[in-house]
Amino acid sequence: MELSDDIEVLKGVGPKKAQQLHGLGLCSLFDLLTHFPRSYEDQSSITPIGRLEAGERATVAGIITGLQEKRAGRRGMVILTATISDGTGFLQLTWFNQKFLKQKLKTGRRIFASGRTAYAYGGQGQLAMSQMTSFEIVEDEGADMEAKCGILPVYSAGENVKQSMLRALTEQLLGLAEAGELAVPEVIPEGVRQQYGLLPRLQACRQIHYPEDRQQVEKARYRLAFEELYLIQYGLMLLKKRRQERQQGIRFASCGSLTGGVLSSLPFRLTDDQQNAWQDICNDMERPVPMRRLVQGDVGSGKTVIAMLALVKAVENGFQGAMMAPTEILARQHFESFSGSLEPLGIRVALLSGRLTKKAKQEMYDRLAAHEIDIVIGTHALIQEDVSFANLGLVVTDEQHRFGINQRAVLEKKGRLVPDVLVMTATPIPRTLTLTVYGDLEVSLIRQLPPGRKPVRTFVRGRDRRELIYKFVLEEIKKGRQAYVVCPLIEMNEDSGLSSAQEVYEELTGGIFYGIKCGLVHGKLKQKEKEELMQEFYEGKIKLLVATTVIEVGVNVPNASIMVVENAQRFGLAQLHQLRGRIGRGEYASYCIFVAEERTEAARQRMEIMERTTDGFVLAEEDLKLRGPGQFFGSMQHGLPDLKIADVGQDIDILLRARQAAMETVKGGEGLPEVLAALQLQYREQFFNITEN
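My aim in this report is to walk through the structure given alongside it, one point at a time. Computed from a prediction, not measured in an experiment: that's the story for all the values here. (Residues numbered from 1 in each chain as written. Predicted model: local features only at pLDDT ≥ 70, side-chain atom pairs only at ≥ 80, totals over all residues. Heavy atoms only, no water.)

1. Quick look at the nonpolar core
In this structure, Leu10, Leu21, Phe226 and Tyr230 are the most contacted members of the largest nonpolar core, which totals 61 residues. For this core, the secondary structure elements donating two or more residues are α1 (15-22), α2 (29-33), α4 (163-178), α6 (201-209), α7 (214-246), α22 (652-668) and α23 (673-683). If you tally residues by element for this core, the top one is α7, at 14 residues. Setting aside residues no more than four positions away along its own chain, Leu21 makes contact with Ile7, Val13, Leu26, Val161, Met165, Leu166 and Leu169. Of all hydrophobic cores here, the second largest spans 39 residues; its members include Val262, Ala314, Leu330 and Val396. (Core = buried A, V, L, I, M, F, W, Y, C linked by side-chain atoms within 4.5 Å. Buried < 20%, exposed > 50% of the residue type's maximum accessible area, 1.4 Å probe, protein only. Helix = DSSP H or I, 4+ residues; strand = E, 2+ residues; numbered from the N terminus. Contact = heavy atoms within 4.5 Å.)

2. Some points on the pairing of strand β17 (residues 518-521)
Side chains Cys518 and Leu520 of β17 all project onto a buried face; the interleaved residues Gly519 and Val521 project onto the opposite face, where all are buried too. In terms of strand pairing, β17 meets strand β18 (residues 544-547) through four bridges, oriented parallel. Residue pairing for β18: Val521 is matched across the bridge by Ala547. The β-α-β motif built from β17, the intervening helix α17 (residues 527-538) and the parallel element β18 has right-handed crossover chirality. (Pairing = 2+ DSSP bridges. Right-handed = clockwise from strand over helix to strand, strands pointing away.)

3. What to know about the sheet that holds strand β9 (residues 320-324)
The parallel open sheet is built from seven strands, whose spatial order is β10-β11-β9-β12-β13-β8-β14. In this open sheet, the two edge strands, each paired with only one partner strand, are β10 (349-352) and β14 (442-446). Taken pair by pair, the neighbouring strands of this sheet meet at an average axis angle of 20°, ignoring direction. Two elements, β9 and strand β12 (residues 392-397), share five bridges in a ladder whose sense is parallel. Of the residues in β12, the one forming a bridge with Met323 is Val396. Docked against the sheet, helix α11 (residues 328-342) engages β9, β10 and β11 (375-378), running at close to 170° with respect to β10. (Axes fitted to C-alpha atoms, helices over the stretch in contact; angles between N-to-C directions.)

4. Structural notes on the side chain of Ser500
Here Ser500 shows up in the loop between β16 (482-486) and α16 (501-509). Overall, Ser500 belongs to the buried group, its relative accessible area being 1%. From its side chain, Ser500 meets the backbone nitrogen of Glu503 in a polar contact 3.1 Å long. (Polar contact = N/O pair within 3.5 Å; in protein donor to acceptor, adjacent residues only side chain to side chain.)

5. Details of the sheet that holds strand β15 (residues 457-461)
Across the sheet, which stays open at both edges, the six strands sit in the order β15-β20-β19-β16-β18-β17 with parallel pairing between neighbours. Looking along the sheet, the strands with just one partner apiece sit at the ends: β15 and β17. Across the sheet, the axes of successive neighbouring strands diverge by a mean angle of 15°, strand direction being ignored. Where β16 lies against strand β19 (residues 560-565), five bridges are found, and the strand directions are parallel. From the neighbouring strand, Val486 faces β19, where its bridge partner is Val565.

6. A closer look at the packing of α11 against α17
Where α11 contacts α17, the two axes come as close as 10 Å, and the packing angle between them is 40°. By the angle between their axes, α11 is oblique relative to α17. Residues Glu328, Ile329, Arg332, Gln333 and Glu336 of α11 lie in contact with α17, whose contacting residues are Glu531, Met534, Gln535 and Tyr538. Looking at the contact of α11 with α17 residue by residue, the class counts come to three nonpolar, two polar and four charged. (Parallel < 35°, antiparallel > 145°, perpendicular 65-115°, else oblique. Nonpolar A, V, L, I, M, F, W, Y, C, P; charged D, E, K, R; others polar.)

7. Some remarks on the environment of Leu533
Structurally, Leu533 can be placed in helix α17. Residues contacting Leu533, with those up to four places away along its chain left out, are Gly519, Leu520, Val521, Leu525 and Ile542.

8. Some words on the pattern of salt bridges
Counted according to the given criterion, the structure contains 23 salt bridges. Among the salt bridges present, the one from Lys102 reaches Glu69, with a minimum N-O distance of 2.6 Å. Residue Lys102 is found in the loop between β4 (90-96) and β5 (110-119), and its partner Glu69 is found in strand β2 (residues 57-72); the two are separated by 33 residues along the sequence. By sharing partners, the salt bridges in this structure join Glu186, Glu190, Arg193, Arg201, Arg223 and Glu227 into a single network. (Salt bridge = Lys/Arg side-chain N within 4 Å of Asp/Glu carboxyl O.)

9. Some details on the packing of aromatic side chains
By the definition in use, this model includes eight aromatic pairs. Note on Tyr196 and Phe226: the rings are 5.2 Å apart at their centroids and 40° apart in plane angle, and the pair reads as tilted. Within this pair, whereas Tyr196 is found in the loop between α5 (190-195) and α6, its partner Phe226 is found in helix α7, the two being separated by 30 residues in sequence. Judged by relative accessible area, which is 15%, Tyr196 ranks as buried. Ring pairing ties together the aromatic residues Tyr196, Tyr222, Phe226, Tyr230 and Tyr234, which thus form one cluster. One residue, Arg481, lies across the ring of Tyr588, its end atom 3.6 Å from the ring centre. (Phe/Tyr/Trp six-rings, centres within 6.5 Å; stacked < 30°, edge-to-face > 60°. Lys NZ or Arg CZ within 6 Å of the ring centre and 35° of its normal.)

The following block contains the structure:
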């Protein structure tokens with residue numbers, strides 16, 4: 001039996017149960033083995049019922065002394081209540097809509113249950129446990145109740161997949177592995193395990209699922225988190241090493257008159273950070289190894305001009321360049337900017353988008369293949385099968401986290417030679433996450449903002465100030481400026497109590513902004529409608545744009561000087577910073593106002609940080625502390641796997657050790673079969689070009 005086998009090979013898992021497990025992402029035995037507990041129930045001691053207090057979590061054991069079944073509500077919800085006693089007192093256990101339990105809940109049977117106690121409704125001081133995390137009915141009269149207690153795993157489960165099912169299946173799985181019927185091979189070399197004091201893999205899996213004490217949990221978690229981070233780092237480093245050793249890149253010549261002419265024609269001087277990034281790129285491009293570099297810069301820091309210079313360097317050497325942007329309007333904006341700067345110098349720039357007619361697309365394909373275009377800028381349309389280049393030398397991807405590794409790889413294969421690759425992100429990422437997410441790339445940072453760019457003044461205000469806020473917005477619009485209003489929801493949701501974009505749009509256009517051209521843009525609009533509205537805002541026809549976060553990666557509108565974010569407490573710091581980056585791009589004083597209800601301490605802290613700093617890198621570190629790495633991995637991964645047990649925020653020490661170990665392994669011998677097999681099983685989609693070599 002292998003870890004890659006379907007979960008249906010386990011006893012008791014038929015097609016129906018398998019489908020339910022698939023809904024949790026549990027398709028193979030490996031998925032089940034690595035479905036680690038999210039918490040534990042400590043049932044290692046039983047509390048006498050007579051000593052229970054309302055509100056405490058406890059494990060109790062007793063004999064069922066009475067049963068009651070009743071229906072409640074319009075839909076006739078079935079409520080089963082069992083009264084149990086252990087000789088020290090009585091406790092009510094309640095189940096909702098679990099009628100099937102009636103056959104097992106017999107008077108005189110023993111039961112133990114874990115959960116939080118509360119006073120029973122109308123029970124005159126009677127304690128009850130209706131929010132049970134687990135319970136077990138003991139049908140064997142000779143069973144030892146104390147022996148049945150211990151530390152039990154609590155898994156992420158579903159409506160049709162209960163804790164008891166997951167516990168039974170993981171116990172069966174571990175039993176098969178310990179009996180030698182299921183292969184659970186080691187994936188970390190013996191030398192690494194000894195050096196870093198790691199448990200054997202199977203022992204760690206047993207202890208993480210069924211520990212005897214908390215110390216076992218910590219040791220098992222350390223081993224498994226190390227393994228997870230080690231494998232990802234190994235994959236990224238091996239990818240990098242193979243590129244350097246096996247791929248013959250393009251060795252570009254030193255910068256000549258064309259690049260120098262573009263540089264000298266810029267209406268500004270590069271900042272020190274821009275200059276350093278440009279030097280890094282030149283050094284990479286002039287080496288025979290293919291460049292793989294990330295330029296990570298805050299919003300408005302001037303990454304695009306560095307990308308333009310790199311593309312010109314490729315053209316100067318007789319090659320073509322391609323730049324892929326995540327949205328059509330952003331691609332169009334890059335095209336307009338590049339065309340204005342480069343076409344007077346004889347550089348042919350084109351825009352390839354999905355909106356072109358079939359005939360226009362074919363003409364574009366023909367011109368690219370004939371080298372009648374030097375630089376092409378586009379969206380995902382660039383990776384269509386029909387696109388081919390005569391001599392592709394450089395690929396640039398903008399807003400890298402919105403493209404996967406595989407999408408980038410498709411574009412890289414469009415040339416007859418291996419092109420250099422430059423990726424850019426305006427999303428500041430803490431150093432620890434950069435190591436994990438972009439471990440296959442060299443990184444250049446641009447932290448300085450260009451001189452003359454005015455900082456955005458930021459204010460946090462309560463909902464009681466909305467009338468004054470929008471009067472101020474109106475005054476700015478009357479001065480000739482434009483404004484954004486951002487909302488977390490598209491439509492009204494009765495449960496949330498939050499203002500929706502639709503609702504705010506109707507309120508503002510029917511009130512204080514009556515007669516002023518306003519627009520509403522959100523994710524449910526068709527792409528064409530969305531882009532037309534954004535284009536009108538870009539051209540200054542729309543004065544106030546009400547939007548959801550679809551504008552997070554948007555156009556550069558220098559005339560937009562004010563932004564109001566409704567219910568700002570619902571956004572993360574990184575997202576708020578990205579939104580704020582839409583303004584302050586022109587010569588005018590700019591203002592960002594966060595309308596927030598700071599009901600929790602965490603919300604208050606986040607708003608204070610936003611008001612205090614505009615440095616995206618500082619905010620990224622603070623966001624990591626406050627919210628953990630989940631948000632970063634959710635929004636910034638470029639095709640890497642979700643972490644199942646490691647937490648980059650807490651596990652920086654493990655990450656650095658795992659990274660060092662992976663580096664040593666790659667240097668010592670990249671073809672270690674156990675590590676490559678683990679990459680194949682666990683991360684084939686992310687590292688397909690390693691495992692298939």
